[in-house]
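Secondary and tertiary structure notes
Chain by chain, the residues:
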Amino acid sequence: MVAYVMLLNWTDQGIKNVKDSPKRLDAVKKLAKELGGEVKSFYMTLGLYDLVLILDMPNNDKQAAFALKLGSSGNVRSTTLKAFPEEDYRRILGTLV
């Protein structure tokens, strides 16, 4: 599995219907499972971004499909970051000469 961090902002549509956001989150979790992944953590945040998802997906293609389906709902805009866990971080840095 590959780890991703998604930084999300509500669109005008998303904030107008913010009371429906918990139902939408349930649908997001279901979508991740349908694509073979899992939402590991969810946070509502203060500051530059409104929401943060931490998720595992099988590969970049599945993550791209997830992000596109999420964005096509019209409720959020996203920025996706591929995340390297500590073990990979140490391995990668260990290869530096």
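Everything here concerns the structure above.
Heads up: these notes are all about the structure in this document. From a predicted model like this one, the values you see are computed outputs, not experimental measurements.

Scanning the protein from N- to C-terminus turns up 4 helices and 4 strands. Along the protein, from the amino end to the carboxyl end, the secondary structure elements read β-α-α-β-β-α-β-α. Structurally, the protein occupies a C-alpha span of about 50 × 30 × 20 Å along its principal axes. Sorting the 97 residues of the protein into buried and exposed places 31% on the buried side. A sequence separation of at least 24 residues applies to 65% of the contacts in the protein between residues at least 6 apart. By element, 56% of the accessible surface of the protein is carried by carbon and sulfur atoms, the whole surface being about 6,700 Å². Within the protein, one finds 14 positive and 11 negative side-chain charges whose respective centroids are separated by 5 Å.

What follows deals with the sheet that holds strand β4 (residues 76-83). Within the open sheet, the 4 strands sit side by side as β2-β3-β1-β4. Their pairing is antiparallel. Every other strand in the sheet has two partners, leaving β2 (38-44) and β4 as the edge strands with one partner each. If you compare each strand with its neighbour and ignore which way they point, the axes differ by 20° on average. Where strand β1 (residues 2-10) lies against strand β3 (residues 51-57), 7 bridges are found, and the strand directions are antiparallel. If you follow Met6 over to β3, its bridge partner there is Leu53. Helix α2 (residues 21-34) contacts β1, β2 and β3 of the sheet and is inclined by roughly 155° relative to β2.

For the rest of this paragraph, the subject is the environment of Leu25. You can see Leu25 is positioned in helix α2. On a C-alpha basis, the gap between Leu25 and Leu53 in space is 10.0 Å, while along the polypeptide they are 28 residues apart.

Cut-offs and rules
Every residue gets a number counted from 1 within its own chain, in the order that chain's sequence is written. Only residues with pLDDT of at least 70 are given local features in this predicted model, and only at 80 or more are side-chain atom pairs given and counted; all residues enter the totals for whole chains, interfaces and linings. Hydrogen atoms and water are omitted, and side-chain values are computed over all heavy atoms in the structure. Per the convention used, a helix needs a DSSP run of H or I reaching at least four residues, while a strand needs a run of E reaching at least two, with both numbered from the N terminus. Exposure classes here rest on a 1.4 Å probe applied to the protein chains alone. A residue is buried below 20% of its type maximum, exposed above 50%, and partly exposed in between. For this analysis, residues touch if any pair of their heavy atoms sits within 4.5 Å. Reported accessibility uses the Shrake-Rupley method at a 1.4 Å probe radius. Residues are deemed covered only where the shown protein chains occlude them. For the charge count, each Lys or Arg is scored as positive and each Asp or Glu as negative, with His and the chain ends excluded. Every charge is mapped onto a representative atom, which is NZ of Lys, CZ of Arg, CG of Asp or CD of Glu. At least two DSSP bridges between two strands are required for those strands to pair. Angles shown run from 0 to 180 degrees and are taken between the N-to-C directions of axes, each axis being a line fitted to C-alpha atoms and, for helices, limited to the stretch in contact.

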